[in-house]
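Residue-level structure breakdown
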Amino acid sequence: MAGRRGKKAKFKKFFIPLLKWVSAIVPVCAFIYILYYYKQFDFLKEKPIVKSKTEVISQADSLNAVGSQNREKLIGKIKILENEWHSVGGIAIHSMVIENNSPTAIKNIEVEFKYLSDTQAVITSKIVTIKTPLPSKKATKVSGISVGYVNNSVVGCDTKVVNAVI
């Protein structure tokens with residue numbers, strides 16, 4: 001009987017560490033297999049280089065057909081009478097009254113917004129296209145123009161009409 005007890009002890013000495021190793025390795029292997037099955041190893045693959053190509057299909061700016069002097073005259077006839085703005089969560093929202101003194105209606109305009117600090121230095125400058133039609137010889141109120149994020153130190157805003165589409 002003494003020999004039997006020795007065989008059990010040898011079996012336990014071998015089987016218990018084997019069971020510990022298997023219980024440690026199987027969950028790790030199962031986890032790796034789940035990641036592989038659901039394709040979660042994408043971070044190991046090399047990212048493809050994105051190549052972009054820009055093609056100009058047509059000129060959307062109808063002022064290119066107009067001479068440079070007439071263009072400046074047309075832009076000079078568009079005036080921003082009022083510009084009220086406030087910051088909502090760091091995003092500047094503008095309400096403007098735009099006057100079109102030109103003889104033709106304008107489809108949309110590009111306005112440059114220059115945000116100023118306490119010392120009247122320009123902090124940031126952004127150009128936004130306003131796609132509201134402006135009838136000729138009338139003032140139009142345009143509200144809800146979102147220009148994007150502005151710094152909290154901004155205290156003023158200068159506006160200027162840069163371009164217009166007839």
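Throughout, a residue's number is its position along its own chain's written sequence, starting from 1. Totals for whole chains, interfaces and linings use every residue, but because this is a predicted model, local features are given only for residues with pLDDT of at least 70 and side-chain atom pairs only at 80 or more, for both listing and counting. The basis for every side-chain value is the complete set of heavy atoms in the structure, and neither hydrogens nor water enter the calculation.

Here we come to the overall build of the protein. Each helix corresponds to a stretch of at least 4 residues labelled H or I by DSSP, and each strand to a stretch of at least 2 residues labelled E; elements are numbered beginning at the N terminus. When helices and strands are counted, the protein shows 2 helices and 6 strands. The helix and strand sequence of the protein, counted from the amino end, reads α-α-β-β-β-β-β-β. When the 166 residues of the protein are sorted by exposure, 23% land in the buried category. Residue contacts are counted whenever heavy atoms from the two residues lie within 4.5 Å of one another. Here the analysis covers contacts within the protein between residues at least 6 apart in sequence; of these, 64% occur between residues at least 24 apart. For every residue, the accessible area (1.4 Å probe, protein chains only) is compared with the maximum for its type, and the residue is labelled buried under 20%, exposed over 50%, or partly exposed between those bounds.

Relative to the helices and strands, Ser-117 is located in the loop between β3 (108–116) and β4 (122–130). Exposure remark for Ser-117: the relative accessible area of 14% places this residue in the buried category. Aside from chain neighbours lying at most four places away, what touches Ser-117 is Ile-123, Ser-153 and Val-155.

Here we come to the sheet that holds strand β1 (residues 78–88). Each strand in a sheet pairs with another by means of backbone hydrogen bonds, the pair being arranged parallel or else antiparallel. Whether two strands pair depends on DSSP finding at least two bridges between them. Read from one edge to the other, the open sheet built from 3 strands follows the order β1-β2-β5, with strand pairing classed as antiparallel. Strand pairing shows two members of the sheet lacking a second neighbour, β1 and β5 (138–149), which therefore form its edges. The sheet shows a mean angle of 20 degrees between the axes of neighbouring strands, direction not considered. Bridging between strand β2 (residues 91–100) and β5 involves 10 bridges; their strand directions are antiparallel. Opposite Met-96, over in β5, you have Val-142 as the bridge partner. A fitted line through C-alpha atoms serves as each axis, taken over the contacting stretch for helices, and the angle formed by two N-to-C directions is quoted from 0 to 180°.

Next up on the list: the nonpolar core. One finds Ile-98, Ile-109, Phe-113, Tyr-115 and Ile-130 to be the most contacted residues of the largest nonpolar core, which totals 21 residues. Looking at this core, the elements that each hand over two or more residues are β2, β3, β4, β5 and β6 (156–165). Here this core gets 4 residues from one element, more than from any other, and that element is β3. Not counting residues within four places of it along the chain, the set of residues in contact with Tyr-115 comprises Trp-85, Ala-92, His-94, Ala-121, Val-122, Ile-123, Thr-124, Val-147, Val-150, Val-154, Gly-156 and Cys-157. Think of a nonpolar core as a cluster: buried Ala, Val, Leu, Ile, Met, Phe, Trp, Tyr and Cys residues, connected wherever their side-chain atoms sit within 4.5 Å.

Only the six-membered ring of Trp is used, alongside the rings of Phe and Tyr, when aromatic pairs are assigned; centres must lie within 6.5 Å, and planes under 30 degrees apart are stacked while those over 60 apart are edge-to-face, with the rest tilted. On inspection of all chains with the given rule, the structure shows 4 aromatic pairs. Pairing Phe-11 with Phe-15 gives two aromatic rings, centres 5.4 Å apart and planes at 5 degrees, and the pair type is stacked. Here Phe-15 and Phe-11 lie together in helix α1 (residues 2–37), a separation of 4 residues that amounts to about one turn. Owing to a relative accessible area of 52%, Phe-11 belongs among the exposed residues under this scheme. Of the residues examined, Phe-15 reaches a relative accessible area of 37% and is grouped as partly exposed. Each ring, one from Tyr-37 and one from Tyr-38, has its centre 5.1 Å from the other, and the planes form 90 degrees; the classification is edge-to-face. A single burial state applies to Tyr-37 and to Tyr-38, both of which are exposed.

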